[in-house]
Amino acid sequence: MSQINRLGDRYDLGQVIGRGGMAEVHEGLDTRLNRRVAIKVLRSDLARDPVFQERFRREAQSAAGLNHPNIVSIYDTGEEIISDNPNQTHIPYIVMEFVDGVTLREMLQNGPRILPERALEILAGVLAALDYAHRHGIVHRDIKPANIMINTHGDAKVMDFGIARAMSDAATSVTATSAVMGTAQYLSPEQARGEVADARSDIYAAGCVLFELLTGSTPFTGDSPVSIAYQHVNSQPSIPSHLDPSIPSVLDSIVLHALAKTPSSRYETAAEMRSDVERAMTGLPISASAQTQVLVATAATTAIPIVTTDDYYQDTQVKTVTRKTKILKWGGAGAAMLGAIGAMFLLAGSLFGSGSGNVTVPDLTGKTVAEAQAALSSIGLIIGTQTPTADDTALKGTITGQDPAVGEAIDKGQAVNIKISNGKDQTTIPDLVDMSSITDARLALTDAKLVLGKVTPKDSDKPEGTILAQNPVSGILISVGSRIDVVVSSGKVTIPSLLGLNRIQASNALINAGFNVAYIEEVRSDVAAGTVLAQTPLPGEIAIKGTTVTLSVAVAPAVVAPTPTPTPTATTP
C-alpha cells in the first residue's frame, strides 16, 4: 500500500500497526473530523480476487451494524481505485475506531502474570461483546488474544467481527480451505471437523482464552495446527487448578463447561457464561459447578467412573499409562498424519479443483434464500432442500448451515442443501428519547415486547428521569425479548460562577438554570453596590434543580449626615 497515501480523499494513511491473513491495518487520520482512526486495507496482491473482495465487504457489512462499548467501532467503508493501465484495481478499506492500548496477546507475552480476578474482568468484557454480536446474528469465529484489545482504561474491545479468514498462517491457523476458519489453539471441535460454527463455537474459544489467562498456556499445544485441532476433537484439557494451585477451583468449572466437546453441553449463550463469570468475581455460587464432573468425563475416550475431578485425573493417569506407549505412540502420530494428509488434499482441491466442471461451494451463512440463490446461480449451482431450524442466534430467514460444506468442490448443476433459521420473532424498537420517566420507557418497551436493560444516569439540564439516549437506537428490527439500554437524566446540573456579576444578572442566571436564590448582604465600600462577592454552593458543584443558591451581595455603607455648624448669634452691647 506504499503507493497510496490518502483514501477516499479524506483519510491519510500512516504506519502499519497490524497485519492479518488478507489485510493490513494502518494508523490513519480522518482529515474531515481531525480524529485518529485505524484503517484496514485489503492486501493489494489479493485485491484482484473477487472472492477476497466479497469476504472483505461482508466483514464491513457485518461489523458496521455492531455498536457496543466492548467492540471496536466501524466508522466508514469505501474503495480506492488504483489505475495500472490498462487495468484498474479496486481496493476496499474499512475505517475503524483507533484503540489506544495493546492486544491481549501482547499482554500475555510481555506483561506480568494476569491474576485470576483480572482475567475474569477481561473475559466479562469479551463475553458482553459476544452476547451483543450473537443477538445481532453475528458469530465471530476467531476469538483469540490477538483479536482482543485492552485500552488504556483496562477495558476489553473485540476486533475482527465477521471475518472468515481466507489465508493461512502456517504456525497458528487451520484455514487450508474456507471450510475451516479460526486459529488452531482456540478452534472449537466442530470447527476442526469442518462443520458450521455457531455462537457456542465462540463460547468454546472464550473458554480457551480464559484457560490461557489463568495458566499462561493454551489448553492444547502441538507441533502443527493439525495436531492441535486433533486434540480439540479427541483430548481433554487439563484442570487449571491442577496446573496452578493458586487458581480458585470454581474457575475450573467455568473453563471446563465452556470447553465441552459437544456444543449442547456448553453454556447456551455468552450471557449465561458471563453471568457465571460475574458471580465468581463476587463469590456467589455459579450454575456450571454441578456439571463439571459430567463434562470432564463425558468426552473422555475411556469410560471412567465419575467421582470427583481429582479422582478422574488420577484414575485416567493409572488406566492410560500403559496404553500411551502402545496406542498413543502410533495412533496419535497416525491420526495427526492422516489429518495433515487430509488437509493437504483439501488444500489441493481448493487450489486446483478436481475437474474442469468443478466449482467451489461458497459460504452461504447469514444470507437470505434470495441472496444464496444469486450466489449459487452465478457459479452454476442450485439450491436444494430448505430445512427450517430453530436458531435464536441467527436472524429469521437467514441461512445457518449448508451441505456440501463451504469450500468443497462439486460439479456444476448440483444442489446445495441449506438450513434456514426460524429465529426469534422480531419487533421494531420504539423511540424512547425525551420520554419523561423510566416508567414511560418501560411501558413502551413492554408494548413492543422488549425489556428495559441497563439504566445509566447522566448529569443533564433536562428534568430528572428524562431519557437522553438509548442503545440500540429506535426504528430498527430486533428479536422479541431483547434488552434496550437507556441513559437517563439525573436532573443534576453544574452551578455557574456568579462572582463579579451584579445582583440582577446573577439572579437571572440562577433562575434560568432552575435554581432558587437567597441573599446575604455585606457592607463593602471597595466594590460597587449589588456586586456578587461569594456564593454557596460553590461554582462548578453539581446540584439538583430547585436547590437554593445563596449569594453574598455588596451593599454600600450607610451615609452619615454631617453635624450642622451652629449659626453665631448677635449680641446686643
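Predicted, not measured: the structure shown is a model, and the values here were computed from it.

## Things to note about the pattern of salt bridges
Stage number 1. What the rule picks out here adds up to 19 salt bridges.
Stage number 2. Here Arg-10 and Asp-30 are joined by a salt bridge, their closest N and O atoms 2.8 Å apart. Highlighted residues: Arg-10 in the loop between strand S1 (6–7) and strand S2 (11–19) and Asp-30 in strand S3 (residues 23–30), separated in sequence by 20 residues.
Stage number 3. On the basis of relative accessibility, which here comes to 15%, the residue Arg-10 falls in the buried class.
Stage number 4. Taking the shortest distance from any N to any O, the salt bridge between Arg-105 and Glu-212 comes out at 2.9 Å. On the criterion of sequence distance, the pair formed by Arg-105 in helix H2 (residues 104–110) and Glu-212 in helix H5 (residues 199–215) is long-range, its members being 107 residues apart. Just as Arg-105 is buried, Glu-212 falls in that class too.
Stage number 5. Among the charged side chains, a salt-bridge network with shared partners connects Arg-10, Asp-30 and Arg-35.

## Section: the pairing of strand S24 (residues 548–555)
Put simply, side chains in a regular strand alternate between the two faces of the sheet.
Stage number 1. Relative to S24, strand S21 (residues 516–523) runs parallel, the two sharing 8 bridges. Its bridge partner lying in S24, Val-517 is registered against Val-549.
Stage number 2. Here strand S22 (residues 532–536) runs beside S24; their pairing, made up of 4 bridges, is antiparallel. Bridge assignment links Thr-536 to a residue of S24, and that residue is Thr-550.

## A closer look at the packing of helix H8 (residues 249–258) against helix H9 (residues 270–282)
Stage number 1. Where H8 meets H9, the axes come as close as 10 Å, and the angle between the chain directions of the two elements is 170°. Judged by the inter-axis angle, H8 sits roughly antiparallel to H9. Facing H8, whose interface residues are Leu-251, Ile-254 and Ala-258, H9 presents Met-273, Asp-276, Val-277 and Ala-280.
Stage number 2. In terms of residue class, the contact of H8 with H9 is made up of 6 nonpolar, no polar and 1 charged.

## Thoughts on the sheet that holds S22
Sheets are built from strands that pair by backbone hydrogen bonding, the pairs being arranged parallel or antiparallel.
Stage number 1. Read from one edge of the open sheet, 3 strands run S21-S24-S22, paired in mixed fashion. One side of each edge strand has no neighbouring strand; the edge strands of this open sheet are S21 and S22. Each strand axis lies, on average, 25° off the axis of its neighbour in the sheet, ignoring direction.
Stage number 2. Lying over the sheet, helix H14 (residues 503–512) contacts S21, S22 and S24, oriented at roughly 160° with respect to S21.

## Some thoughts on the sheet that holds strand S19 (residues 483–489)
Stage number 1. The strand order across the open sheet formed by 3 strands is S16-S19-S17, and the pairing between neighbours is mixed. Across the chains shown, the open sheet's two edge strands, defined by having one partner strand only, are strand S16 (451–458) and strand S17 (467–471). Taking the axes of each pair of neighbouring strands and ignoring which way they run, one obtains an average angle of 25° across the sheet.
Stage number 2. Sitting on the sheet, helix H13 (residues 438–447) touches S16, S17 and S19, and the angle it makes with S16 is about 155°.

## So, the side chain of Asp-30
Stage number 1. Accessibility expressed as a relative area gives 1% for Asp-30, which makes it buried.
Stage number 2. Within polar-contact distance, the side chain of Asp-30 engages the backbone nitrogen of Arg-32 at 3.0 Å.
Stage number 3. Contacts of Asp-30, omitting those with residues within four sequence positions, involve Arg-10, Tyr-11, Arg-35 and Val-37.

## Focus on the nonpolar core
Considering soluble globular proteins, one finds that nonpolar side chains tend to be buried as a cluster.
Stage number 1. The biggest cluster of nonpolar side chains holds 48 residues, and the ones touching the most others in it are Leu-104, Leu-127, Leu-210, Ile-254 and Met-273.
Stage number 2. Where this core is concerned, the elements lending two or more residues are helix H3 (116–135), strand S8 (148–151), strand S9 (156–158), H5, H8 and H9.
Stage number 3. Per-element accounting of this core gives the leading share, 11 residues, to H3.
Stage number 4. Among all residues touching Met-273, those that are not within four sequence positions of it are Leu-123, Leu-127, Ile-203, Ala-206, Gly-207, Ile-254, Ala-258 and Tyr-267.
Stage number 5. If you look at the next biggest cluster of nonpolar residues, it comprises 29 residues, including Met-22, Ala-23, Val-25 and Met-149.

## Some points on the packing of aromatic side chains
Stage number 1. The final tally for this structure, using the stated rule, is 1 aromatic pair.
Stage number 2. Here the basic side chain of Arg-35 rests over the ring of Tyr-75, its NZ or CZ set 3.8 Å away from the ring centre.
Stage number 3. Sitting over the face of the ring of Tyr-519, Arg-503 holds its NZ or CZ atom 3.8 Å from the ring centroid.

## So, the confidence of the model for the protein chain
Stage number 1. Chain-level statistics for the protein chain give a pLDDT mean of 80 and a share of 80% at 70 or above.
Stage number 2. Element-level mean pLDDT values for the protein chain span from 39 in helix H11 (residues 309–352) up to 96 in H5.
Stage number 3. Low pLDDT (under 50) marks residues 293–356, which in the prediction has 55 contacts with non-local residues, meaning those over four places away or in another chain.

Conventions adopted
Residues numbered from 1 in each chain as written. Predicted model: local features only at pLDDT ≥ 70, side-chain atom pairs only at ≥ 80, totals over all residues. Heavy atoms only, no water. Salt bridge = Lys/Arg side-chain N within 4 Å of Asp/Glu carboxyl O. Helix = DSSP H or I, 4+ residues; strand = E, 2+ residues; numbered from the N terminus. Buried < 20%, exposed > 50% of the residue type's maximum accessible area, 1.4 Å probe, protein only. Pairing = 2+ DSSP bridges. Axes fitted to C-alpha atoms, helices over the stretch in contact; angles between N-to-C directions. Parallel < 35°, antiparallel > 145°, perpendicular 65-115°, else oblique. Contact = heavy atoms within 4.5 Å. Nonpolar A, V, L, I, M, F, W, Y, C, P; charged D, E, K, R; others polar. Polar contact = N/O pair within 3.5 Å; in protein donor to acceptor, adjacent residues only side chain to side chain. Core = buried A, V, L, I, M, F, W, Y, C linked by side-chain atoms within 4.5 Å. Phe/Tyr/Trp six-rings, centres within 6.5 Å; stacked < 30°, edge-to-face > 60°. Lys NZ or Arg CZ within 6 Å of the ring centre and 35° of its normal. pLDDT = per-residue confidence, 0-100.

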